[in-house]
Amino acid sequence: MTKLKELYQKHKEILLYLVFGVITTIISLAVCFVTLKIGVIFLHDSNGEPTELLDIIGSTTQWISGVTVAFITNKIWVFTEAEKGAGATAKQFLVFSGSRVITYFLEVAINLLSIAIFEWLGYSPFAIIGIEITARVWAKVFSSIFVTVSNYFISKLFVFKKSKDKKNNADL
């Protein structure tokens, strides 16, 4: 049991990031898929499928909800040694949001490219417990994994840097 505690303490930040990343991903994917389900009523192709514009709108709602949840959870529970205070939080939010804009465009590109590749390969959807696993579902999974990993390193290195006091104490 002591080994598990030591392992947890050693990798606490990454483990918490992954846990909250999964929670953030679930929430943001749910928002995206609700957007697609409602939006397809208005924006669909001749087969009744979502249009590329609707895919972009879905990704945008996913991004907004994901950034909001991720910033709050990262600030409070993951990167606990980051600088505190209103000024630091405002700066962190700006850098965090700016970096997420970059990964947003990466997510949209990966998503659209993945859908196109699956369709080019002739992918046939299938159902698991009544849920249809389409090319869009796989594209969202791939793009979400890539974005989650990228965002961890950006957050760790640029957004939630350790406060100067914590850095100095670590150097002693």
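Above this text is the structure in question.
Residues numbered from 1 in each chain as written. Predicted model: local features only at pLDDT ≥ 70, side-chain atom pairs only at ≥ 80, totals over all residues. Heavy atoms only, no water.

**Q** Would you take a moment to explain the environment of Leu 106 for this structure?
**A** As for its position among the elements, Leu 106 is in helix H4 (residues 86–120). We classify Leu 106 as partly exposed; its relative accessible area is 37%. Through-space distance from the C-alpha of Leu 106 to that of Val 147 is 7.7 Å; in sequence the pair is 41 residues apart. (Helix = DSSP H or I, 4+ residues; strand = E, 2+ residues; numbered from the N terminus. Buried < 20%, exposed > 50% of the residue type's maximum accessible area, 1.4 Å probe, protein only.)

**Q** Would you explain the nonpolar core in this entry?
**A** The tendency in soluble globular proteins is for nonpolar side chains to be buried side by side. The biggest cluster of nonpolar side chains holds 13 residues, and the ones touching the most others in it are Tyr 17, Val 78, Phe 79, Phe 96 and Phe 160. Elements that contribute at least two residues to this core include exactly helix H2 (12–39), helix H3 (52–78) and helix H5 (135–159). The leading source of residues in this core is H3, at four residues. Excluding anything up to four places from it in sequence, Val 78 contacts Glu 13, Leu 16, Tyr 17, Phe 20 and Thr 73. (Core = buried A, V, L, I, M, F, W, Y, C linked by side-chain atoms within 4.5 Å. Contact = heavy atoms within 4.5 Å.)

**Q** Looking at this model, I keep getting lost on the side chain of Asp 55. Mind explaining?
**A** Within the secondary structure layout, Asp 55 lies in helix H3. Owing to a relative accessible area of 4%, Asp 55 belongs among the buried residues under this scheme. A distance of 2.9 Å separates polar atoms of two side chains, one belonging to Asp 55 and the other to Arg 136. Apart from the residues lying within four places of it in its own chain, the contact partners of Asp 55 are Leu 36, Pro 50, Leu 112, Ile 115 and Arg 136. (Polar contact = N/O pair within 3.5 Å; in protein donor to acceptor, adjacent residues only side chain to side chain.)

**Q** Honestly, empty space enclosed by the protein in this entry has me stumped. Any pointers?
**A** Using a probe with the size of a water molecule, rolled over the atoms, empty space left in the structure can be pinpointed. Summed over the entire model, instances satisfying the criterion amount to one cavity of 30 Å³ or more. When its volume is computed, the largest cavity comes out at roughly 310 Å³. Lining the largest cavity are 22 residues, with Thr 24, Gly 66, Arg 100, Val 147 and Asn 151 positioned closest to its centre. Only H2, H3, H4 and H5 provide two or more residues apiece to the lining of the largest cavity. Residue contributions to the lining of the largest cavity peak at eight residues, all from H3. Residues of the lining of the largest cavity, tallied by class, amount to seven nonpolar, 13 polar and two charged. (1 Å grid on protein atoms, 1.4 Å probe; cavity = no way out; pocket = protein on both sides within 12 Å on 5 of 7 lines; lining within 4 Å. Points joined across faces, edges and corners; volume = space filled by probe spheres on them. Nonpolar A, V, L, I, M, F, W, Y, C, P; charged D, E, K, R; others polar.)

**Q** I would appreciate a short explanation of the packing of aromatic side chains in the present structure.
**A** For any pair of aromatic rings, the description rests on two quantities: the centre-to-centre distance and the angle between the ring planes. A complete count under the given rule lists 15 aromatic pairs for this structure. On the basis of an interplanar angle of 70 degrees and a centroid distance of 5.0 Å, the ring pair of Tyr 104 and Phe 105 is categorised as edge-to-face. The class for Phe 105 is exposed, based on a relative accessible area of 55%. Members of the aromatic cluster, joined through ring pairs, are Tyr 17, Phe 71, Phe 79, Phe 93, Phe 96, Tyr 152, Phe 153 and Phe 160. (Phe/Tyr/Trp six-rings, centres within 6.5 Å; stacked < 30°, edge-to-face > 60°.)

**Q** Looking at this structure, how should I read the packing of H2 against H3?
**A** Helices that pack against each other are described as a pair by the angle of their axes relative to one another and the distance between those axes. H3 packs onto H2 with a crossing angle of 155 degrees between their chain directions and a minimal axis gap of 8 Å. Looking at the two axes, H2 sits roughly antiparallel to H3. The interaxial crossing formed by H2 with H3 has right-handed handedness. The class makeup of the residues in the contact of H2 with H3 is 14 nonpolar, 12 polar and two charged. (Axes fitted to C-alpha atoms, helices over the stretch in contact; angles between N-to-C directions. Parallel < 35°, antiparallel > 145°, perpendicular 65-115°, else oblique. Left-handed = near helix turned anticlockwise from the far one by under 90°.)

**Q** Where do I start with the packing of helix H1 (residues 2–10) against H2 in this structure?
**A** The interhelical angle for the contact between H1 and H2, taken along N-to-C directions, is 75 degrees, at an axis separation of 5 Å. Classified by the angle their axes make, H1 and H2 are roughly perpendicular. In this structure, H1 contributes Tyr 8, Gln 9 and Lys 10 to the contact, and H2 contributes Lys 12, Leu 15 and Leu 16. Residues that form the contact of H1 with H2 fall into these classes: three nonpolar, one polar and two charged.

**Q** Would you explain the layout of surface pockets in this entry?
**A** Counted as a void, the largest pocket has a volume near 710 Å³. If you trace the largest pocket, you find 24 residues lining it, with Glu 49, Pro 50, Thr 134, Ala 135 and Arg 136 closest to the centre. Contributions of two or more residues to the lining of the largest pocket are made by H2, H3, H4, strand E2 (131–133) and H5. When the residues that make up the lining of the largest pocket are grouped by side-chain class, the tally is 12 nonpolar, four polar and eight charged. In terms of lining, the second largest pocket is formed by 16 residues, of which the most central are Glu 13, Val 78, Thr 80, Glu 81 and Lys 156.

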